[in-house]
Amino acid sequence: MYQGIGPLPVSEDVLKIAQEELKDMDLATNLKEGITFFTAYGFDLVHKGSAKMKGGAIIGVPSYFYYKSEQDVTRSDIRLSGEKTVPWQSEAGERLQRSLIIGPDAQRFAIARELEYSRHQYPVYYGIAAAMSSIVAFSVYNYVEIRIGLRAKKMKRLQAVVLLISAGFGGTLYLLLKDSLTAYLDEKADGAAAAKGESYVRGGAEFYEKMLRRNVALRTLLPAGASRYTPHGNDNVWVRTVSTPYTIRYDRLKDKLAEIEKQATLGGASAEAKS
């Protein structure tokens, strides 16, 4: 994200959190040095690359992380699609503004989650999935071609049909593998961040709750909001599940938080009984 003629720097408070989380990360020092932070455009955090790859990784933090209260929200910098200004006085506009304020625990969880993503060589995983899908597609085509004898019979039209079907099968297989890998990485990243302590679990629940509220507000505010977001605030998808629905991620953390609180209550009751 840019401000004036240069990039908008990451705020000192957020950068401090990021550096503390990076320091606490179980990763070699030389690999940590390959992770950099920048201010991302839009409302979502961004991660590209991998700390374990030559180019390192970059993590984008949205500018609303820099707000400490609703008074800090720079309304003039926030635009809807088509450079449309936000009707801040409307009910949806007020909900959007409230959703942009998240606490330090939520920020820590989100940054810890992104760092966990950057630990994995997911570009390599996706590349392997693409290669495997291509091999399977070629194998299917080759098997059918030999089985029916398409090349010997010079049935070019049927060859083209079989080729298209094989390619479609390979493409579908790749998307299934890619989405499965993404779901696995989502769960892994959330779990690693939540494992750092109760405050992270609580922060994660707050982070996803605010994200869902933001998307519900955007569903009303955006011209095509109903096609982009569900009434609950998830991304609207038809066939593929590109990423784990936010409601599932929120519910996992709420359940984990309830379990922690239950154990704390039982522990307190047990201590009282012994005394």
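For the structure itself, look to the data block above.
Structural notes, computed from the coordinates. (Residues numbered from 1 in each chain as written. Predicted model: local features only at pLDDT ≥ 70, side-chain atom pairs only at ≥ 80, totals over all residues. Heavy atoms only, no water.)

A full pass over the atoms with the stated rule returns 14 salt bridges. A salt bridge links Glu21 to Lys196; the shortest N-O distance between them is 2.4 Å. Pair noted here: Glu21 is in helix H1 (residues 12-24) and Lys196 is in the loop between helix H7 (156-194) and helix H8 (198-221), with a separation of 175 residues, a long-range link. (Salt bridge = Lys/Arg side-chain N within 4 Å of Asp/Glu carboxyl O. Helix = DSSP H or I, 4+ residues; strand = E, 2+ residues; numbered from the N terminus.)

Right, let's get into the packing of aromatic side chains. On inspection of all chains with the given rule, the structure shows seven aromatic pairs. Ring centres of Phe43 and Tyr64 lie 6.5 Å apart, and the angle between their planes is 50°; on these two criteria the pair is classed as tilted. With Phe43 in the loop between strand S3 (35-40) and strand S4 (46-49) and Tyr64 in the loop between strand S5 (57-62) and strand S6 (79-80), the pair connects residues that are 21 residues apart, well separated along the chain. Tyr64 sits in the buried class, given a relative accessible area of 6%. An aromatic cluster is present here, built from Phe109, Phe207, Tyr208 and Tyr246 joined pairwise through their rings. In this structure, Lys178 packs its charged tip against the face of Tyr126, placed 4.8 Å from the ring centre. (Phe/Tyr/Trp six-rings, centres within 6.5 Å; stacked < 30°, edge-to-face > 60°. Buried < 20%, exposed > 50% of the residue type's maximum accessible area, 1.4 Å probe, protein only. Lys NZ or Arg CZ within 6 Å of the ring centre and 35° of its normal.)

Taken together, the three strands give an open sheet; going across it, the order is S3-S5-S4, and neighbouring strands pair in mixed fashion. Two strands lie at the open edges of the sheet, namely S3 and S4, each paired on one side alone. On average, each strand axis in the sheet is inclined to that of its neighbour by 20°, with strand direction left out of account. Pairing analysis gives six bridges linking S3 to S5, with the strands arranged parallel. What sits directly across from Phe37, in S5, is Ile59. (Pairing = 2+ DSSP bridges. Axes fitted to C-alpha atoms, helices over the stretch in contact; angles between N-to-C directions.)

With that out of the way, let us pick up the packing of helix H4 (residues 104-119) against H8. Close contact between H4 and H8 brings their axes to 7 Å; oriented N to C, the two are set at 90°. When the axes of H4 and H8 are compared, the pair comes out roughly perpendicular. Judged by residue contacts, Asp105, Ala106, Arg108, Phe109, Ala110, Ala112 and Arg113 of H4 engage Ser199, Tyr200, Gly203, Gly204, Glu206, Phe207 and Tyr208 from H8. Residues of the contact of H4 with H8, tallied by class, amount to seven nonpolar, three polar and four charged. (Parallel < 35°, antiparallel > 145°, perpendicular 65-115°, else oblique. Contact = heavy atoms within 4.5 Å. Nonpolar A, V, L, I, M, F, W, Y, C, P; charged D, E, K, R; others polar.)

Before going further, it helps to examine helix H3 (residues 91-99). Within the span of H3, buried status applies to Ala92, Gly93, Leu96, Gln97 and Ser99. Down the axis of H3, the buried side of the element spans an arc of 165°, and every buried residue falls inside it. Each element contacted by the buried residues of H3 is listed here: H8. (Arc of directions from axis to C-beta.)

There is a patch of nonpolar side chains on the surface, built from Ile148, Met155, Leu158, Val161 and Ile165 and spanning about 400 Å² of accessible area. Element by element, the count of residues in the nonpolar patch is highest for H7, at three residues. Structurally, the position occupied by Met155 is in the loop between helix H6 (150-153) and H7. Judged by its relative accessible area of 33%, Met155 falls in the partly exposed class. (Patch = residues over 30% accessible without salt bridge, like charges linked within 9 Å, V, L, I, M, F, W, Y side chains within 5 Å. Areas by Shrake-Rupley, 256 points an atom, 1.4 Å probe, with all protein chains shown as cover.)

That's the geometry; what it means functionally is another story.
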